[in-house]
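The residues making up each chain are set out below.
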Amino acid sequence: MPSVSTFPDTTAGGAATPARLAGILATGSCVPDGVISNADLEQLVETSDAWILERTGISQRHKVGAGVTTSVLAAAAGRMAMERAGVETVDAIIVATCTPDTFVPSTACLVQRRLNLPGIPAFDVNAACSGFVYGLALANSLIGQGAINSLLLIGAESLTQLVDYTDRSTCVLFGDGAGAAVLGPVASGGMRAVRWAADGGGSDLIYHGPKAGEDGAMSGPDGLRMLGKGTFRLAVERMIETVGALCADAGWSPDDIDVVIPHQANLRIIEAVSKRIGVPLSRFMVNIDRMGNTSAASIPIAMDEAASTGRLRDSDRVIFVGFGAGITWGGAAMEWTRPASR
Ligand code: ACO
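This report concerns the structure included in the present document. Every chain is numbered independently, its residues counted from 1 as its sequence is written. Predicted model: local features are reported for residues with pLDDT of at least 70 only, side-chain atom pairs are reported and counted for 80 or more only, and whole-chain, interface and lining totals are derived from all residues. With hydrogens and water set aside, each side-chain value is computed from the structure's full complement of heavy atoms.

Re the side chain of asparagine 38
At step 1: Working definition: helices are DSSP H or I runs of at least four residues, strands are E runs of at least two. Numbering for both runs from the N terminus. Looking at the secondary structure, you find asparagine 38 in helix 1 (residues 38-44).
At step 2: Note on classification: 1.4 Å probe, protein chains only; a residue is buried when its accessible area is under 20% of the maximum for its type, exposed when over 50%, partly exposed between these limits. You can call asparagine 38 buried: its relative accessible area is 1%.
At step 3: For the purposes of these results, a polar contact is taken to be a pair of N or O atoms within 3.5 Å, where, inside protein, one atom must be able to donate a hydrogen and its partner to accept one; residues adjacent in sequence count only when each atom of the pair is a side-chain atom. One polar contact links asparagine 38 to aspartate 49, side chain to side chain, over a distance of 2.8 Å.
At step 4: Reaching out from asparagine 38, the side chain makes a polar contact with the backbone oxygen of isoleucine 58 at a distance of 2.8 Å.
At step 5: Only heavy atoms matter for contacts: two residues are in contact if any of them lie within 4.5 Å across the pair. Residue contacts for asparagine 38: discarding those within four places in its chain leaves Asp49, Ile52, Leu53, Ile58, Ser59, Gln60 and Arg61.

Dropping the structure here:
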């Protein structure tokens, strides 16, 4: 593993040295029509628009309606990315999700059926909010080593189905949606470095289950639980370390970074990372105000918005960085290739 000069190295990965470099050829996204505003949440739990905005930066989040599942959102985002890439098939489908439609079969197989792409490998990755960057690490290897020539990578979640709307410390955070990318080998630009890591020792920080009381006893309905402060601190530390490692691997300084696309967990986390790595907040893609935390979907939804609005330009040096339950973290350094026409 390459050495990292100024940051502790907590991640596996390194500079991309495969036979060929993988790049993003097109992007897509889909969010459900339903919206939960902070005012809506004020009706459900003891909270306020002011508290949520100040502590998280979130104004609203999207919520799936009846009959809309993770695979529905994922297939819509994937279809959009494939149409924009101008391809009718791909060599593999990976769906990053922690809210699959069912335990069996995988959401990727359900997406495969919806997109009518039989015969290619399809599987899920569950690395919570780091799922999409784990997928980029896989893409880097699979495409870089020539095992496949194209990949449909989707991050998709319907987290509002897991949320306990009596738990104010978590229910204000999460939303639903999907983002997708078609990846393939590129002649110029592409993935310069990837990093990915996990520490199961932190698995109690964010989990799905009943609530832990002050005496440690678990009670109440299942829901997404989080020890907010501990998670916040680790998220900032690991994301900073990951950006440092990616820059070292790619031979970039923080000044070289044009756009950072971080996991959208909390605006204050993004602000803290920006400050500590010395990259102005204006270079961070932020849409948490409208999306909330969509876990594995947050990075690809933000990426699609950045690509669609012209925020990402040809040859931009882009950092993707995520952190999530597990705990998991990771990222990728990529020279942006002009995506297919949209
Ligand atoms: N409205 C009003 N008050 C609230 C709310 C709410 N929605 N939620 C908590 N509070 C109260 C608490 O009860 C507490 O009150 P007390 O002081 O009387 O005990 C007070 O506000 C402060 O609570 P904290 O938890 O200390 O608030 P904090 O500033 O840490 O913000 C938050 C909480 C938003 C959850 C923050 O810690 C956070 O964003 N953490 C990280 C989230 C993250 O990174 N997740 C990553 C991955 S998620 C995944 O993988 C699925």
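Anyway, onward from the coordinates.
Side note on the nonpolar core
At step 1: Only buried residues count toward a nonpolar core, which is a set of Ala, Val, Leu, Ile, Met, Phe, Trp, Tyr and Cys residues joined through side-chain atoms within 4.5 Å. Leu136, Leu183, Ile261 and Phe320 are the most contacted members of the largest nonpolar core, which has 34 residues in total.
At step 2: Ranked by residues supplied to this core, first place goes to helix 5 (residues 131-144) with seven residues.
At step 3: The residues touching leucine 183, leaving out its near neighbours within four places in the chain, are Gly23, Ile24, Leu25, Leu136, Ala139, Ile143, Asn149, Ser150, Leu151, Leu153 and Met191.
At step 4: Residues Ala235, Ile240, Ile269 and Ala325 belong to the second largest nonpolar core, which totals 30 residues.

Description of the pairing of strand 2 (residues 21-30)
Looking along a regular strand, one sees the side chains alternate between the two faces of the sheet.
At step 1: Within strand 2, seven of the ten residues are buried, which leaves the element mostly enclosed by the surrounding structure.
At step 2: As defined by bridge partners, strand 2 adjoins strand 8 (residues 176-186) across nine bridges and the pair is classed as antiparallel. Within strand 8, the position partnered with glycine 28 by the bridge is alanine 180. In this description, strands pair whenever DSSP reports at least two bridges between them.

Digging into the sheet that holds strand 7 (residues 151-158)
At step 1: Taken together, five strands build an open sheet; the order of strands is 2-8-7-5-6 and the sheet is mixed. Whereas interior strands pair on both sides, the edge strands pair on one side only; in this sheet they are strand 2 and strand 6 (122-125). Neighbour-to-neighbour, the strand axes of the sheet open up by a mean angle of 20°, direction not taken into account.
At step 2: Where strand 7 and strand 8 come together, eight bridges link them in antiparallel fashion. From the neighbouring strand, glutamate 157 faces strand 8, where its bridge partner is glycine 177.
At step 3: Interaxial angle, 0 to 180 degrees, is taken between N-to-C directions of lines fitted to C-alpha atoms, where a helix line uses only the stretch in contact. Taken strand by strand, helix 3 (residues 70-85) contacts strand 2, strand 7 and strand 8, and its axis lies near 125° from that of strand 2.

So, helix 5
An α-helical turn contains 3.6 residues, so a residue and the one three or four places further along point in the same direction.
At step 1: The span you would expect from a helix comes to 1.5 Å times its residue count less one. For helix 5, with 14 residues, the first-to-last C-alpha span of 19 Å sits near the 20 Å given by 1.5 Å per residue.
At step 2: With eleven of 14 residues buried, helix 5 is to be regarded as a mostly interior element.
At step 3: Among the residues of helix 5, those classed as buried are Gly131, Phe132, Val133, Tyr134, Gly135, Leu136, Ala137, Ala139, Asn140, Ile143 and Gly144.
At step 4: Where helix 5 terminates, the next one or two residues include glycine 146, which has phi positive at roughly 85°.

Regarding the environment of glycine 177
At step 1: Its location among the elements puts glycine 177 in strand 8.
At step 2: A relative accessible area of 0% means that glycine 177 is categorised as buried.
At step 3: With 60 residues separating them along the chain, glycine 177 and leucine 117 place their C-alpha atoms 22 Å apart.
At step 4: Beyond its immediate chain neighbours, meaning those up to four positions away, glycine 177 contacts Cys30, Val31, Pro32, Leu73, Gly155, Ala156, Glu157, Thr294, Ala297 and Ile301.

Quick look at helix 4 (residues 107-115)
At step 1: Those residues of helix 4 lying buried are Thr107, Ala108, Leu110, Val111, Gln112 and Leu115.
At step 2: Considering only its buried residues, helix 4 is in contact with helix 3, strand 5 (93-96), strand 6 and strand 7.
At step 3: Remark: asparagine 116 follows helix 4 within two positions and exhibits a positive phi of approximately 55°.

Describing the pattern of salt bridges
At step 1: Any Lys or Arg side-chain nitrogen located within 4 Å of an Asp or Glu carboxyl oxygen qualifies as a salt bridge. Enumeration over the complete set of coordinates arrives at eleven salt bridges.
At step 2: Between glutamate 237 and arginine 233 there is a salt bridge, with its nearest N and O atoms 3.6 Å apart. You can see glutamate 237 and its partner arginine 233 sitting in helix 7 (residues 228-250), four residues apart, about one turn around the helix.
At step 3: According to the relative accessible area criterion, glutamate 237 is partly exposed, its value standing at 28%.

Some remarks on the packing of helix 7 against helix 8 (residues 267-277)
A pair of packed helices is captured by two measures, namely the crossing angle of their axes and the spacing between those axes.
At step 1: Packing of helix 7 against helix 8 brings their axes to within 9 Å, and their N-to-C directions diverge by 40°. Relative to helix 8, the element helix 7 is oriented oblique. Between helix 7 and helix 8 lies a crossing of right-handed hand. Residue-level inspection shows Phe232, Ala235, Val236, Met239, Ile240 and Val243 of helix 7 in contact with helix 8, the latter providing Arg268, Ile269, Ala272, Val273, Arg276 and Ile277. Should an angle fall under 35 degrees it is called roughly parallel, over 145 degrees roughly antiparallel, and 65 to 115 degrees roughly perpendicular, with every other angle called oblique. Handedness of a helix crossing follows the sense of rotation of the near helix relative to the far helix, less than a right angle counterclockwise being left-handed and clockwise being right-handed.

A word on the side chain of threonine 170
At step 1: Positionally, threonine 170 belongs in helix 6 (residues 168-171).
At step 2: Take threonine 170: its relative accessible area is 0%, and that puts it in the buried class.
At step 3: At 3.1 Å, the side chain of threonine 170 and the side chain of aspartate 167 are in polar contact.
At step 4: Setting aside chain neighbours within four positions, we find threonine 170 in contact with Leu224, Arg225 and Met226.

Examining the site of the ligand
At step 1: Here a residue is near a molecule or strand as soon as one of its heavy atoms is found within 4 Å of it. In the vicinity of the ligand, 25 residues are found, and the nearest of them are Thr47, Arg55, Cys129, Lys229 and Asn266.
At step 2: For the ligand, an oxygen atom lies 2.7 Å from a polar atom in the side chain of arginine 55.
At step 3: Interatomic distance of 3.2 Å between a backbone N/O atom of glycine 228 and a nitrogen atom of the ligand.
At step 4: Starting from 1000 Å² of accessible surface for the ligand in isolation, the protein chains cover 77%.
At step 5: If you list the elements that add at least two residues to the shell around the ligand, you get helix 2 (49-56), helix 6, helix 7, helix 8 and strand 13 (317-324).
At step 6: With four residues, helix 7 is the single largest residue contributor to the shell around the ligand.
At step 7: Note that Gly is not counted as nonpolar here; it falls among the polar residues with everything else outside the nonpolar set of Ala, Val, Leu, Ile, Met, Phe, Trp, Tyr, Cys and Pro and the charged set of Asp, Glu, Lys and Arg. Split by residue class, the shell around the ligand holds twelve nonpolar, eight polar and five charged. Throughout, the Shrake-Rupley method with a 1.4 Å probe supplies accessible areas, and for residues the shown protein chains are the sole cover considered.

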